[in-house]
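Now for the letters of each chain:
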Amino acid sequence: MTPNDTHLLELRGFTKSFAGFPALNGVDFTLRAGEIHALLGENGAGKSTLIKTMTGVVARDAGTLTLAGEAIAPRSAEEATRAGIATVYQEVNLVPNLSVAQNLFLGRQPTRFGLVREREMRRRARELLAGFNLDIDVAAPLESYSVAVQHMVAIARAIDLSARVLILDEPTASLDAHEVENLFAVMRALAARGIGIVFVTHFLDQVYAVCDRITVLRNGRLAGSATTAELPRLELVRLMLGRELSEATATRAPVDRAEAAPVAAFTGFGKAGYVAPFDLALRPGHVVGLAGLLGSGRTETARLVFGAERADCGTATVAGAPVGLAAPREALALGFGYCPEERKTEGIVAELTVRENIVLALQARRGVLKPLSRREQDEIARRFIRLLDIRPPDPERPIGLLSGGNQQKALLARWLATDPRVLILDEPTRGIDVGAHAEIIRLIRALCAEGMALLVVSSELEEIVTYADEVIVLRDRAHVARLTGEAITVPGILAAIADEGAGAAPRAA
Amino acid sequence: MTSLNRLMPVAATTAVFLLGFLICALVFPNFASLRVVMNLLTDNAFLGIVAVGMTFVIISGGIDLSVGSVIGFTTVFLALAIERWGIPPLAAFAIILLVAAAFGAAMGAIIQYVDLPPFIVTLAGMFLARGASFLLSTESLPINADLYAHLSDLAFRLPGGARLTVPAMIMLAVVLAGMVLLHLTRFGANVYALGGSRVSTALMGVNVPRTTVLIYTLSAVLAGLSGIVFSLYTSSGYSLSAVGVELDAIAAVVIGGTLLSGGYGFIFGTFVGVLIQGLIQTYISFDGSLSSWWAKIATGLLLFAFIAFQQITLRMARRPRARAMGVVQP
């Protein structure tokens, strides 16, 4: 019996409805021992629901679940863990204020006469983490380590709880390329030990880098399942979307525009220890893309331009007049808009409705004394919901209930409502499904055609190539290359990022 | 570095206490004696005991406002049980501890299962227990049982006329037991975990309902024990006794370096926090001319200072660190 032929986890006919709306409809899923299995689908395809029903967090309406040939019905995450199915979520579900060792062994610390044997626990923690190539001080609180390390600790804990099935729910969203490589190495090692791994991700590159098999969900149904080798990328995208993603992959018609006078220009602009001084010109109808690895200074550049961080050298001019740009308020008054990367913490106000979120920036610019009338608000909200195709088209729905892509569109609407001259977008397509990617990209192009100046930070090089008129490549918190026109290609950008033998293999995702 | 940060508030509290003691000793020539120290322990025994329970509650991310009322109820109950109903003192102690345990468990269960904020639940408990003690009696009742007289005579005699009394011994024992329970057991780790992240703790398989009920039970039992000590100390029961002690306890816990939002703190810090409050009282009684309200003002100022200090150290600790700390060897 070779590991690859063992059906470790088998789901048959999983069905779940929320308030009459089917989230899962007769889904089958088979995980073999020693296999890394990608679970893919657009937002709302049913991935989360499948995982939650599999682990007992949500009760399923119908379907059978067998683990190594034995029918199980976990009613909570705890029971699922005990049965051998462990889940590591994107938000690390550990306790930040406890030590790494306590986190690894919480609830099952080695004890003698009721007292925790601290030294023994630490020894075991070090041993356990050594298996994950992690050599850290296990007595230090978990919160003192990076998210990547915290993920490793969470995985180590899950595996040590005798997990036979490990579910990784978007573990790579906040990791940089090097950390992702490390995670993959650990995943391969675990698979080699016969553990079945379910890997949920938005990054198709990663799927092809590490997965043996792919299962795709669409609209709560099984759209297809095949080995990675049998499923080329285009076919996979077709499965996920149910249509060809022509828009996202189409190349942009080259636009020959005369170099218009810049709306905003920055000379020798920078901040010590933050971003090295740079020159940047934002022109109307022009998209400037910022590319580079995580932590290379892309977001930092965007924050400097918006005044969220105060520059300590250089000059900025807007429409020819010098400006200070000391605070976002000032940038706002100058007609700048900024959609930050951390939608949840820096962007949306989850409890407020879509309408209230959309008018927020406009209201802030007008000041408290000149409130927008309800009629004006309704009018603005309706216009942008129609324009950006925000779904569901209900302005009174709390924005927290919308999918990631639609939240992003509402955020865009917030800034568009202020009719900005310069719009800064930080990772506009992060964490949203492929279909929404195409729509956001279409929007970016439309905005640019209207004469807005855009500055876009993105890790998705293929996307940058489709919309940018100019790409600035960053490395180690400095602008290292400026590509324009024909030079803007994915290999070109990668070469610029990797220049001078920077070591780490650059990744598009 | 981070573990050092964590100890900083406790170190600061201890330094403040030592400094305060030094100042007192310089101002009053006969202050620095074993006798004063022992009196400090005796006079604040009931506060120390209840503050240990409060430390558990606050580290778990909760609050218990009912403890002062539970102390009051206990003293009235003991006076009536021993003097009127003729229950032997030791049996009365056992009964009141069981009643307190049931009371705390009920509050914990409501917090857990009805999912109400601890503030509201224990506020209701505070009114309930205070009201119940008024229902029992509104008078101050003396307790004349032999055991009480015997216990107040019982003490380790130390040099210089100092006496380590029964209340002081009980408090020291509670502090030591609290340290062991909080820092060295699984239960203690669960208490910290709850204060760190309730959701994660549940997902990690810790029995959160059981832990929550146990924490409030522990706090109420210690409040009951504190009530016993209080009645020993005053040899009486009165429904208005120990009003506002819950706030003194919270102050002691916070001055001791425990974060009011939960997750961080030490029993030892609470102990020192109690001693600091006692020290201020002692200073005022030594001085003789100061109004006792100055103790409240001094405590208030200290509280402000410590909360500010905590925020500063917290911000320093949470400053983004280089990722280099957890380098993964490929």
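Residues numbered from 1 in each chain as written. Chains lettered and ligands numbered in written order. Predicted model: local features only at pLDDT ≥ 70, side-chain atom pairs only at ≥ 80, totals over all residues. Heavy atoms only, no water.

## Topic: the overall build of chain B
And then number 1: Of the regular secondary structure elements, chain B holds 14 helices and four strands.
And then number 2: For chain B, the C-alpha radius of gyration of 21 Å lies close to 20 Å, the compact-globule estimate for 330 residues.
And then number 3: Taken over the C-alpha atoms alone, chain B extends approximately 75 × 55 × 30 Å along its principal axes.
And then number 4: Buried residues in chain B amount to 52% of all 330 residues.
And then number 5: Counted over contacts in chain B with a minimum sequence separation of 6, partners at least 24 positions apart contribute 78%.
And then number 6: As displayed, chain B offers around 14600 Å² of accessible surface, 71% of which is attributable to carbon and sulfur atoms. (Helix = DSSP H or I, 4+ residues; strand = E, 2+ residues; numbered from the N terminus. Rg over C-alpha atoms; globule rule 2.2 N^0.38 Å. Buried < 20%, exposed > 50% of the residue type's maximum accessible area, 1.4 Å probe, protein only. Contact = heavy atoms within 4.5 Å. Areas by Shrake-Rupley, 256 points an atom, 1.4 Å probe, with all protein chains shown as cover.)

## Some points on the overall build of chain A
And then number 1: Within chain A, the regular secondary structure consists of 18 helices and 22 strands.
And then number 2: A buried classification covers 54% of the 509 residues belonging to chain A.
And then number 3: Across chain A, the fraction of contacts at a sequence separation of at least 24, relative to all contacts at a separation of at least 6, is 66%.
And then number 4: When the accessible surface of chain A is totalled, it reaches about 21300 Å², and 52% of it is carbon and sulfur.

## Side note on the packing of helix 8 (residues 166-184) of chain B against helix 9 (residues 186-196) of chain B
Residue and element names in this part refer to chain B.
And then number 1: The interhelical angle for the contact between helix 8 and helix 9, taken along N-to-C directions, is 70°, at an axis separation of 5 Å. Comparing their axes, helix 9 and helix 8 come out roughly perpendicular. When helix 8 is examined against helix 9, the residues Leu-181, Leu-182 and His-183 are found in contact with a partner set consisting of Phe-187, Gly-188, Ala-189, Val-191 and Tyr-192.
And then number 2: Residue composition of the contact of helix 8 with helix 9, grouped by class: six nonpolar, two polar and no charged. (Axes fitted to C-alpha atoms, helices over the stretch in contact; angles between N-to-C directions. Parallel < 35°, antiparallel > 145°, perpendicular 65-115°, else oblique. Nonpolar A, V, L, I, M, F, W, Y, C, P; charged D, E, K, R; others polar.)

## Regarding helix 9 of chain B
And then number 1: Of all eleven residues that make up helix 9 of chain B, nine are buried, and the element is covered over most of its length.
And then number 2: Phe-187, Gly-188, Ala-189, Asn-190, Val-191, Tyr-192, Ala-193, Leu-194 and Gly-195 of chain B are the residues of helix 9 of chain B that are buried.

## What to know about the state of the cysteines
All names here are of chain A.
And then number 1: A full pass over the atoms with the stated rule returns zero disulfides over all chains.
And then number 2: With no disulfide of its own, Cys-339 lies closest to Cys-448 among cysteine sulfurs, the gap being 16 Å.
And then number 3: Judged by relative accessible area, Cys-339 falls into the buried class, the value being 1%. (Disulfide = S-S within 2.5 Å.)

## Topic: the environment of Gly-400 of chain A
And then number 1: Tracing the sequence through the fold places Gly-400 of chain A in the loop between helix 14 (374-388) and helix 15 (404-416).
And then number 2: Gly-400 of chain A sits 50 residues away from Ala-350 of chain A along the chain, and the two C-alpha atoms are 4.2 Å apart.

## What to know about the domain arrangement of chain A
And then number 1: For chain A, the assigned domains read domain 1 (3-246), domain 2 (247-335 + 420-509) and domain 3 (355-417).
And then number 2: Distance from the C-alpha centre of domain 1 of chain A to the C-alpha centre of domain 3 of chain A: 36 Å. (Domains from an automatic or database assignment.)

## A word on the packing of helix 3 (residues 45-59) of chain B against helix 8 of chain B
Residue and element names in this part refer to chain B.
And then number 1: Relative orientation of the contacting elements helix 3 and helix 8 amounts to 15°, with a least axis distance of 7 Å. As far as their axial angle goes, helix 8 and helix 3 are roughly parallel. The chirality of how helix 3 crosses helix 8 is left-handed. Between helix 3 and helix 8, the residues in contact are Ala-45, Gly-48, Ile-49, Val-52, Phe-56 and Ile-59 and Pro-167, Ala-168, Ile-170, Met-171, Val-174, Val-175, Gly-178, Leu-181 and Leu-182, respectively. (Left-handed = near helix turned anticlockwise from the far one by under 90°.)

## Things to note about the packing of aromatic side chains
Residues and elements named next belong to chain B.
And then number 1: Tallied over the full model, the rule gives 17 aromatic pairs over all chains.
And then number 2: Centre to centre, the rings of Phe-73 and Phe-77 are 6.2 Å apart; their planes meet at 25°, and the pair counts as stacked. Remark: Phe-77 and Phe-73 occur in helix 4 (residues 67-84); sequence separation between them is four residues, near one turn of the helix.
And then number 3: Of the residues examined, Phe-77 reaches a relative accessible area of 11% and is grouped as buried.
And then number 4: For the pair Phe-93 and Tyr-148, a centre-to-centre distance of 6.3 Å together with 55° between the ring planes defines the contact as tilted. Of this pair, Phe-93 sits in helix 5 (residues 89-114) while Tyr-148 sits in helix 7 (residues 146-153), and the two are 55 residues apart along the sequence. (Phe/Tyr/Trp six-rings, centres within 6.5 Å; stacked < 30°, edge-to-face > 60°.)

## Quick look at the sheet that holds strand 6 (residues 85-88) of chain A
Strand pairing within a sheet occurs via backbone hydrogen bonds; the two strands may be parallel or antiparallel.
All names here are of chain A.
And then number 1: Strand order across the open sheet formed by six strands is 6-9-10-3-11-12, with mixed pairing between neighbours. In this open sheet, the two edge strands, each paired with only one partner strand, are strand 6 and strand 12 (221-227). This sheet shows a mean twist of 20° between the axes of neighbouring strands, independent of strand direction.
And then number 2: Of the pairings in the sheet, the one linking strand 3 (residues 36-40) to strand 10 (residues 196-200) comprises four bridges and is parallel in character. Counted as the bridge partner of Leu-39 is Val-200 from strand 10.
And then number 3: Against the sheet, helix 1 (residues 47-54) engages strand 3, strand 6, strand 9 (165-169), strand 10 and strand 11 (213-218), with an angle of about 125° to strand 3.
And then number 4: Across the sheet, helix 5 (residues 147-160) is in contact with strand 6 and strand 9; its angle to strand 6 comes to roughly 175°. (Pairing = 2+ DSSP bridges.)

## Details of the sheet that holds strand 15 (residues 287-291) of chain A
Residue and element names in this part refer to chain A.
And then number 1: The strand order across the open sheet formed by six strands is 18-19-20-15-21-22, and the pairing between neighbours is mixed. Strands at the two margins of the open sheet, each flanked by one partner only, are strand 18 (336-339) and strand 22 (478-484). In this sheet, neighbouring strand axes are inclined to one another by 15° on average, regardless of whether the strands run parallel or antiparallel.
And then number 2: Relative to strand 22, strand 21 (residues 470-475) is paired through six bridges, and the arrangement is antiparallel. Across the sheet, residue Leu-474 finds its bridge partner in strand 22, namely His-479.
And then number 3: Seen against the sheet, helix 10 (residues 298-306) touches strand 15, strand 18, strand 19 (422-426), strand 20 (453-457), strand 21 and strand 22 and runs at an angle of roughly 150° to strand 18.
And then number 4: Packing of helix 15 onto the sheet brings it into contact with strand 18 and strand 19, and relative to strand 18 it is tilted by some 170°.

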